[in-house]
Structures are given as structure tokens and as C-alpha cells.
Amino acid sequence: MKRLTGKAILVTGSARGLGRAFAERCVQEGAAVALIDVLADAGEETARTLGATGADVFFRRCDITRADELAALVEQIQARWGRLDGLVNNAALATGLAGKTFDQIDEANWDRVFQVNVKGTWQVSKAVLPLLKAAGEARIVNLASDTAIWGADLFMHYVASKGAIISMSRAMARELAPFNITVNTIAPGLTETEATASAPERRWKQYLDAQLVKRSPVPEDIVGAAAMLLSADGRFITGQTIVINGGMTLS
Ligand SMILES: NC(=O)c1ccc[n+]([C@@H]2O[C@H](COP(=O)([O-])OP(=O)(O)OC[C@H]3O[C@@H](n4cnc5c(N)ncnc54)[C@H](O)[C@@H]3O)[C@@H](O)[C@H]2O)c1
């Protein structure tokens, strides 16, 4: 049984990697999906591939830090579907950040990570909120990272931004409960994507040594939790952080 038939879902940062996998799973579950990213060519290609199955998908180049681009996106969703039932806040600066102690991080780089990962997530959520409220029942799934839980070293700006996502999600869950909107966080461990291809060998080993499940995760290991949260199965789950790291950390 498809769990998201009749639902319209926006997945941010969905040109590649985990975002693409979230979008693909939503399509497999029967949803109509809007994809946005700053990577236009990859985004168009992803939408073409997902659409080839007959699914109702579109890609729009949209920077989550740009209120004007988000307003145009909301107009397009309104015109196309007249509704939005779910938002997966996946877009982030997640690559090329590691390797510096916190006192070596460049100030402009710190600000940019927070602008995209934290403020961008807030801006997308704010932009689509009227649509989510109008749906009568809706879901938000935010992407954090398990690095915020165990305190990964050598990219503190990223780690802190993902800690902020966990805190924001809890506050959003409280504020949006009266509107029948659930808000949860998924915190993956180190997962094989284009972005992590450059992660140092030391980090992969650190994860594998500590994980209870002795293999590195692929996006398909992560996306099922999002599908569950977006579906009716997730209706009583809100304000939670689901850590998916093969038991590297235990809560
Ligand atoms: N892969 C992992 O190991 C891992 C682990 C924990 C958490 N995460 C989180 O999962 C999400 C996806 O990670 P990924 O590994 O697929 O990395 P990724 O870099 O491939 O994905 C991020 C996507 O967001 C897009 N993006 C960046 N800035 C944007 C902006 N301003 N507006 C719109 N789109 C923008 C990128 O172009 C990219 O397609 C991120 O939030 C990341 O922090 C990943």
C-alpha cells in the first residue's frame, strides 16, 4: 500500500544525495513532489528521472536563503496543486567544511553555514506555512545530523548548525501542534552520498568502529523514516529526533 497517495510534498536540496533519495521515496509512496536546489542541471535531471515513472514532479531552481525565490516557489505550488501536505528540509551546506579546529574556522564561512542551514530552514518553513496550515493536517521533517549529538570535532560550524535544527524543530513542534502539523528531525550518521565522498578515511573508520551495524549507510537506509513521518503512520510522533546511525550512539 502506498502511504503518500494524494499528498503533495516539497523536498529541499533534492538535486542529488539524500534529498534526491527522499524525493524518490515520496514518489514511490504515491506523492506529488516539488524539488528545489541551487544545482539546476542535476535538479532538472532528477526531476526528469522521477517524472519518467509517470509521477507528478517538478524541479525549480530556488535558493532557500532568498525570500523572493521562495515566494515564487509557493506561487508555483499553489497554482499546480493548490495544497502542500509535507516539507522535508534537507538542503544544507554539508560538504567541504571539515578539517578545521573551531578557532581556525573562517568567520564568513561560519556565517554562510548558519545562513543556509539554520536561517534557510526557517525561511522555507515560514514561506510554505500558509499552505501547510491550509492542508488541515501536515508534516515537517528537518534534517539534522548525529554529529550534533556526539559532538563531532573539526567542523564546529556545521555541528552547531545541526544542533540548532534539533532545537528549532522542538520549538516548531510546539507552535505548530495547534494546526495539526507535526515537526520531527532525522539525524543521520555518516552516509554514502556525493557530499561525503571526500570525507576523510579516519572519519569512516571512526563510525564503523563505533556502529553496532557494521557497514556504512546508503541513502535508502535513511529515507524510510521520513516516509513514515510524512505518512499517517507518523501522526502521533512530533518534536522527536530520530537518530539513524546504525547504533553508533544510543539514546
Ligand atoms: N550524507 C551524510 O553523511 C549526512 C549525515 C548527516 C546529515 N546529513 C544531512 O543530510 C542533508 C543532505 O546531505 P547530502 O549528504 O545529500 O549532501 P548534499 O550536499 O549532496 O545535499 C545538500 C543539497 O542542498 C543543496 N543546497 C545547498 N545550499 C542550498 C541553498 N542555499 N538553496 C537550495 N539548495 C541548497 C545542495 O546543492 C545539495 O544538493 C543535509 O542537510 C546534510 O547536512 C547528511
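Peer 1: Residue-level account of the overall build of the chain, with values.
Peer 2: Across its full length, the chain holds eight helices and seven strands. At 17 Å, the chain has a C-alpha radius of gyration in line with the 18 Å of a compact globule built from 251 residues. Referenced to the eigenvectors of the C-alpha coordinate spread, the extents of the chain come out at roughly 45 × 40 × 40 Å. Counting the 251 residues in the chain, one finds 49% classified as buried. A sequence separation of at least 24 residues applies to 74% of the contacts in the chain between residues at least 6 apart. Surface summary for the chain: the accessible area is close to 11,600 Å², and the carbon and sulfur share equals 54%.

Peer 1: Before we move on, can you summarise the packing of helix α1 (residues 17–28) against helix α8 (residues 220–230) with the specific residues and values?
Peer 2: As a packed pair, α1 and α8 sit with axes 9 Å apart at the nearest point and diverge in direction by 50°. In terms of orientation, α1 and α8 fall into the oblique class. The two elements α1 and α8 cross, and the hand of that crossing is right-handed. In this structure, α1 uses L18, A21, F22, R25 and C26 to contact α8, whose residues at the interface are E220, I222, V223, G224, A226, A227 and L230. Here the residues of the contact of α1 with α8 are counted per class, giving nine nonpolar, one polar and two charged.

Peer 1: Now, about the pattern of salt bridges: what can you tell me, with residues and values included?
Peer 2: It is possible for side chains bearing opposite charge to pair when their charged atoms get close. Scanning the entire structure with this criterion turns up 13 salt bridges. The partner of R20 in a salt bridge is E45, with the nearest N and O atoms 3.2 Å apart. Of this pair, R20 sits in helix α1 while E45 sits in helix α2 (residues 40–51), and the two are 25 residues apart along the sequence. The closest approach of N and O atoms between D221 and R215, which form a salt bridge, is 2.8 Å.

Peer 1: Please provide a residue-by-residue account of α2, values included.
Peer 2: Taking 1.5 Å of rise per residue, twelve residues should cover 16 Å, and α2 covers 16 Å from first to last C-alpha, within 8% of that figure. Summarising the contacts, the buried residues of α2 are in contact with α1, β2 (32–37) and β3 (57–61).

Peer 1: Describe α8, and please don't skip the residues or the numbers.
Peer 2: I222, V223, A225, A226, A227, L229 and L230 are the residues of α8 that are buried. For α8, the secondary structure elements touched by its buried residues are β1 (8–12), α1, β4 (86–89), β5 (138–143), β6 (181–188) and β7 (241–244).

Calculation criteria
Residues numbered from 1 in each chain as written. Predicted model: local features only at pLDDT ≥ 70, side-chain atom pairs only at ≥ 80, totals over all residues. Heavy atoms only, no water. Helix = DSSP H or I, 4+ residues; strand = E, 2+ residues; numbered from the N terminus. Rg over C-alpha atoms; globule rule 2.2 N^0.38 Å. Buried < 20%, exposed > 50% of the residue type's maximum accessible area, 1.4 Å probe, protein only. Contact = heavy atoms within 4.5 Å. Areas by Shrake-Rupley, 256 points an atom, 1.4 Å probe, with all protein chains shown as cover. Axes fitted to C-alpha atoms, helices over the stretch in contact; angles between N-to-C directions. Parallel < 35°, antiparallel > 145°, perpendicular 65-115°, else oblique. Left-handed = near helix turned anticlockwise from the far one by under 90°. Nonpolar A, V, L, I, M, F, W, Y, C, P; charged D, E, K, R; others polar. Salt bridge = Lys/Arg side-chain N within 4 Å of Asp/Glu carboxyl O. Expected span 1.5 Å × (residues − 1).

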